[in-house]
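# Topology and contacts: notes
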Amino acid sequence: MKECKRCLLRESAENATFEDIRSRIDRLRPEEKADAQLYERRLDACRTCDHLISGICMKCGCYVEFRAAFRQMKCPNVSDRKW
Ligand code: SF4
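Let me begin by describing the structure that accompanies this report. (Residues numbered from 1 in each chain as written. Predicted model: local features only at pLDDT ≥ 70, side-chain atom pairs only at ≥ 80, totals over all residues. Heavy atoms only, no water.)

## A word on helix 1 (residues 15–26)
Helical periodicity: at 3.6 residues per turn, an α-helix aligns residues three or four positions apart in one direction. Threshold: Helix and strand definitions here come from DSSP, where helices need a minimum of 4 consecutive H or I residues and strands a minimum of 2 consecutive E residues; each element is numbered from the N-terminal end. To estimate the expected span of a helix, count its residues, drop one, and scale the result by 1.5 Å. The cut-offs for exposure are 20% and 50% of the maximum accessible area for each residue type, with area from a 1.4 Å probe on protein chains only; residues under the lower value are buried, those over the upper are exposed, and the others partly exposed. Summarising the geometry, the arc corresponds to the directions from the helix axis toward the C-beta atoms. Contacts are assigned to residue pairs that have any heavy atoms within 4.5 Å of one another.
An ideal rise of 1.5 Å per residue puts 16 Å on twelve residues; helix 1 measures up with 16 Å between its terminal C-alpha atoms. Within helix 1, the full set of buried residues consists of Phe18, Ile21 and Ile25. End-on, the buried residues of helix 1 take up no more than an arc of 65 degrees, which puts them together on one face. Residues of helix 1 that are buried in the fold lie against helix 2 (36–47) and helix 3 (64–67).

## A closer look at the environment of Arg41
Structurally, Arg41 is set in helix 2. A residue is classified by how much of its surface remains accessible, and Arg41, at 52% relative accessible area, is exposed. Separated by 17 residues in sequence, Arg41 and Arg24 have C-alpha atoms that sit 20 Å apart.

## Examining the state of the cysteines
For clarity, the threshold we go by: Disulfide assignment relies on a single distance test, namely cysteine sulfur atoms paired within 2.5 Å.
Applying the stated criterion across every chain, the model contains one disulfide. The disulfide that involves Cys4 links it to Cys7, with 1.8 Å between the sulfurs.

## Some words on the environment of Asp80
Inspection of the secondary structure assignment puts Asp80 in the segment after helix 3. Taking relative accessible area as the criterion, Asp80 reaches 39% and is therefore assigned partly exposed. C-alpha separation for the pair Asp80 and Arg27, spaced 53 residues apart in sequence, amounts to 31 Å.

Here's what the structure looks like:
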């Protein structure tokens, strides 16, 4: 995979991975899922972050599009938490 700083998966060529994440998000229970506005705000913050590489947060190793989908989840960067 070509490295892309500050790219989300859905903006890269990793369509199969993104579709897998999308389907996992679709299966979350409504009470555990962030609403659409919160989700997009979180991803906007990730897009400004130096720790985002090709859709993966280098602070935790998660795909941010998956991590951000959980309402209770937080940005893992404790020294500069963006969401
Ligand atoms: S450190 Fe926080 S803002 Fe940065 S990519 Fe990770 S989750 Fe997103």
